[in-house]
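A structural walkthrough
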Amino acid sequence: MSLLVRGFMSTLRVQSAIHIVISTVPYMNLGVDTVWPTPQIVSPSSYVTFLVQISGLGAMETNGSVMDEEKTRLSSVSNETSTRYGSIADSLPTDEPSTAETTVLSSRRSYITVAVLCYVNLINYMDRYTIAGVLLSIQKFFDITDSTSGLLQTVFICSFIILAPIFGYLGDRYNRKFIMIGGLSVWVVMTLSSSFVTESYFWLLVLLRALVGTGEASYSTIAPTIIGDLFSGAKRTVMISAFYIFIPVGSGLGYIIGSSVANATGDWRWALRLNPILGSLGLFLLAVFCPNPPRGASDGHGGSTIEHTSYLEDVKYLLKNKSFVWSSLGVTAMAFLTGALAFWTPIFLSRAQVAQGIQPPCNTEPCDTSDSYIFGVVTVMTGILGVSLGSTISRKLRDRVPNADPLICAVGMLGSAPCFFAAIVLASTSIPATYVFIGIGETLLSLNWAVLADILLYVVVPTRRATAEALQIMVCHLLGDAGSPYLQTPVTTASFLAPIGLFRSLEYSFLLCPFVGVLGGLFFLMTALYITKDRKNAELLTAGTIGTYGFIWVYG
């Protein structure tokens, strides 16, 4: 009995000390909505339970001093316990934290930030597919074959692959706003420069397109993590949907604007000059309106310090995250499918019409780009419909079906595969039917865009999200759309010279895509097996652990 009384008295002394330490934390007014969170003191009984757990008071030997053993055990906990990635920092801050790590933005500022990021994402994907919209004219201008044309997309994606992990590492550790501004500045300069390449310097165009990947790697890796730190729950899903809806919309506008500008000016190079102008406006908006929010702010820990570990530890953590691994493989299959279809579909449809005798082949520049225009319109409409449907279904099912998100992605991939197969087969006989099946297939694929981003954000702790984005981008592009545009070309340049031969060769190459789509659907079904467990693990890691001073931080 005496031991219990003495243990309880020592606990009260520890609690009093905690009161003193916590009361010294400065209340910092930074002129924003939220400042340093105010720690709350838990009841004495909670401290008794807690100290019993960490100090072993319930198992002490009766022949020793309770006070001596308690001090020894608390000291041991202090020396041995260290917070892991995603947990709350285990000591009081010694330096004044930067504004980026202590401020929480107002709702209005957060919405403006998302609007700016959406605009830049739009320009990003417009530029990526402007080349595909005027590819026929580029082939005639430089006098290049299909396989050589495919290099334009392949080198761009390859630079994207190389640089994405670098920007992911930087994005988890340094000011994300400055990183995006630097990358987009390079993007604007390289894109504009590529529009002045003459017909004898195709290699220079290839080099400049590779360097364009610098801007896209910096932006695509970091922007989703900023949105993830501004919103949580259902609101995060809506904002991520708004951001990712501009992938198909921007892609479609790339075809539309590229073909329209080329037709209006009679020069495909003017299509490349519009995007840097619009990109410069995006660069200005980023500099003025985009903040660098605290990492993990939306998860309730924006005012705390979150420990950073080495890049190798980050990678090991992600490789053990089965939901991340399987969903990344699913994204890779999706990237392979969309990369090949997005780059070659306008030419495929044009050759189908030539094979049917609907239009003559293009022998001199400028070529007819009406197919690019129509395909762009279809892509925009189906993208808006698909992303909206996907995010709506996700919000309605998520509370009732914990693994709803990967199941939605699986349905999208498995459902789109037969649609694209039908479109490929029917192209030689019916162009309208081909567009119908392309539209259905693109709608099903677009179900995945926002859902995929949301999966990554909630199965990975906040301070590893940029690294996770980077690794996923690297894998999906390396094994996906880096090679798929080029892999569609060996058959097309083998031995066929007649229009029907050129069409058939590209048709046979396309038949690989539906099978890859089925494989991607299976990967997402595997993701569904692990998503609930991995999401809970990420939430527990983000919620924090025991601090080294022997008490729990409770934030209000």
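Residues numbered from 1 in each chain as written. Predicted model: local features only at pLDDT ≥ 70, side-chain atom pairs only at ≥ 80, totals over all residues. Heavy atoms only, no water.

1. Considerations on the overall build of the protein
When its secondary structure is counted, the protein shows 22 helices and zero strands. In the protein, buried positions account for 56% of the 556 residues. Contacts spanning at least 24 positions in sequence make up 86% of the contacts within the protein whose residues lie at least 6 apart. Approximately 22600 Å² of the protein is accessible, and the part contributed by carbon and sulfur atoms is 67%. (Helix = DSSP H or I, 4+ residues; strand = E, 2+ residues; numbered from the N terminus. Buried < 20%, exposed > 50% of the residue type's maximum accessible area, 1.4 Å probe, protein only. Contact = heavy atoms within 4.5 Å. Areas by Shrake-Rupley, 256 points an atom, 1.4 Å probe, with all protein chains shown as cover.)

2. As for the packing of aromatic side chains
Per the stated rule, a full pass over the model turns up 14 aromatic pairs. Among the aromatic residues, those joined into a ring-pair cluster are Phe141, Phe142, Phe202 and Trp268. The ring of phenylalanine 196 is capped by arginine 273, whose NZ or CZ atom sits 4.4 Å from the centre of that ring. Of note, arginine 273 hangs over the ring of tryptophan 270, and the distance from its end group to the ring centre comes to 4.5 Å. (Phe/Tyr/Trp six-rings, centres within 6.5 Å; stacked < 30°, edge-to-face > 60°. Lys NZ or Arg CZ within 6 Å of the ring centre and 35° of its normal.)

3. Topic: the pattern of salt bridges
Across all of its chains, the model carries ten salt bridges by this definition. Aspartate 405 is the partner of arginine 398 in a salt bridge, and the nearest nitrogen-oxygen pair spans 3.1 Å. With a relative accessible area of 13%, arginine 398 lands in the buried category. Since its relative accessible area comes to 1%, aspartate 405 is described here as buried. Each of Arg173, Asp314 and Arg464 takes part in one network of salt bridges that share partners. (Salt bridge = Lys/Arg side-chain N within 4 Å of Asp/Glu carboxyl O.)

4. Thoughts on the nonpolar core
In this structure, Leu117, Phe142, Met180 and Leu286 are the most contacted members of the largest nonpolar core, which totals 129 residues. Among the elements that take part in this core, helix α14 (residues 322–356) stands out by supplying 16 residues, more than any other. Setting aside anything within four residues of it in sequence, one finds leucine 286 in contact with Val116, Leu117, Val120, Lys177, Met180, Ile181 and Leu184. (Core = buried A, V, L, I, M, F, W, Y, C linked by side-chain atoms within 4.5 Å.)

5. A few points about the environment of tryptophan 203
Mapped onto the elements of the fold, tryptophan 203 is located in helix α9 (residues 202–230). Look at tryptophan 203 and you get exposed, because its relative accessible area is 54%. Taking the C-alpha atoms as reference, tryptophan 203 lies 9.7 Å from leucine 152; in sequence the two are 51 residues apart.

6. Re the UniProt feature "transmembrane region" (unreviewed entry) in the protein
UniProt marks residues 151–171, 178–196, 238–258, 324–344, 373–394, 406–427, 433–458 and 508–531 with the feature "transmembrane region" (unreviewed entry), using the numbering shown here. When the span residues 373–394 is considered, its composition is 100% helix and 0% strand, and the gap between its end C-alpha atoms is 31 Å. Measuring from the first to the last C-alpha atom of residues 508–531 gives 37 Å, for a span that is 96% helix and 0% strand. (UniProt positions renumbered as here; feature names shortened; annotations may be inferred.)

7. Things to note about the environment of methionine 334
Following the sequence through the fold, methionine 334 ends up in helix α14. The sequence separation of methionine 334 and valine 516 amounts to 182 residues, and the corresponding C-alpha distance is 7.9 Å. Those residues in contact with methionine 334 that lie beyond four places of it in its chain are Met413, Leu445, Asn448, Trp449 and Leu452.

8. Regarding the packing of helix α6 (residues 135–142) against α14
The contact between α6 and α14 brings their axes to 9 Å, and the two run at 85°. The angle between the axes of α6 and α14 places the two elements in the roughly perpendicular class. Residues Leu135, Leu136 and Gln139 of α6 touch α14, and the partners they reach there are Phe343, Trp344, Ile347 and Ser350. Of the residues belonging to the contact of α6 with α14, the class tally is five nonpolar, two polar and no charged. (Axes fitted to C-alpha atoms, helices over the stretch in contact; angles between N-to-C directions. Parallel < 35°, antiparallel > 145°, perpendicular 65-115°, else oblique. Nonpolar A, V, L, I, M, F, W, Y, C, P; charged D, E, K, R; others polar.)

9. Digging into the side chain of serine 391
Turning to its location among the elements, serine 391 is positioned in helix α15 (residues 370–397). On the basis of relative accessible area, serine 391 is assigned to the buried category, the value being 5%. Within the structure, the side chain of serine 391 is placed 3.4 Å from the side chain of serine 241, a separation counted as a polar contact. With near-sequence residues (within four places) excluded, serine 391 lies in contact with Thr237 and Ser241. (Polar contact = N/O pair within 3.5 Å; in protein donor to acceptor, adjacent residues only side chain to side chain.)

10. Regarding the side chain of aspartate 314
Tracing the backbone shows aspartate 314 in helix α13 (residues 311–320). A distance of 3.0 Å separates a polar atom in the side chain of aspartate 314 from a polar atom in the side chain of arginine 464.

11. Observations regarding helix α7 (residues 146–171)
Taking 1.5 Å of rise per residue, 26 residues should cover 38 Å, and α7 covers 37 Å from first to last C-alpha, within 8% of that figure. Along α7, the sharpest kink reaches roughly 35°, centred on leucine 163 and followed within four residues by the proline proline 165. (Expected span 1.5 Å × (residues − 1). Bend = angle between axes of the 7 residues up to and from the residue.)

12. Some thoughts on the packing of helix α8 (residues 176–194) against α9
Close contact between α8 and α9 brings their axes to 8 Å; oriented N to C, the two are set at 150°. Judged on the interaxial angle alone, α9 and α8 are roughly antiparallel. The two elements α8 and α9 meet at a crossing, and its hand is left-handed. In terms of residue class, the contact of α8 with α9 is built from 14 nonpolar, eight polar and three charged. (Left-handed = near helix turned anticlockwise from the far one by under 90°.)

13. Some remarks on the environment of alanine 242
Mapped onto the elements, alanine 242 comes out in helix α10 (residues 233–244). By relative accessible area, which is 29% here, alanine 242 ends up partly exposed. Measuring from C-alpha to C-alpha, the distance between alanine 242 and alanine 450 comes to 8.0 Å, with 208 residues separating the pair along the chain.

14. Side note on a nonpolar patch on the surface
A cluster of nonpolar side chains, Leu407, Leu414, Val518, Leu519, Leu522 and Leu525, forms an exposed patch at the surface whose accessible area comes to about 430 Å². Only α16 (404–426) and α22 (512–543) provide two or more residues apiece to the nonpolar patch. No other element matches α22, which puts four residues into the nonpolar patch. If you trace the backbone, valine 518 turns up in helix α22. By relative accessible area, which is 35% here, valine 518 ends up partly exposed. (Patch = residues over 30% accessible without salt bridge, like charges linked within 9 Å, V, L, I, M, F, W, Y side chains within 5 Å.)

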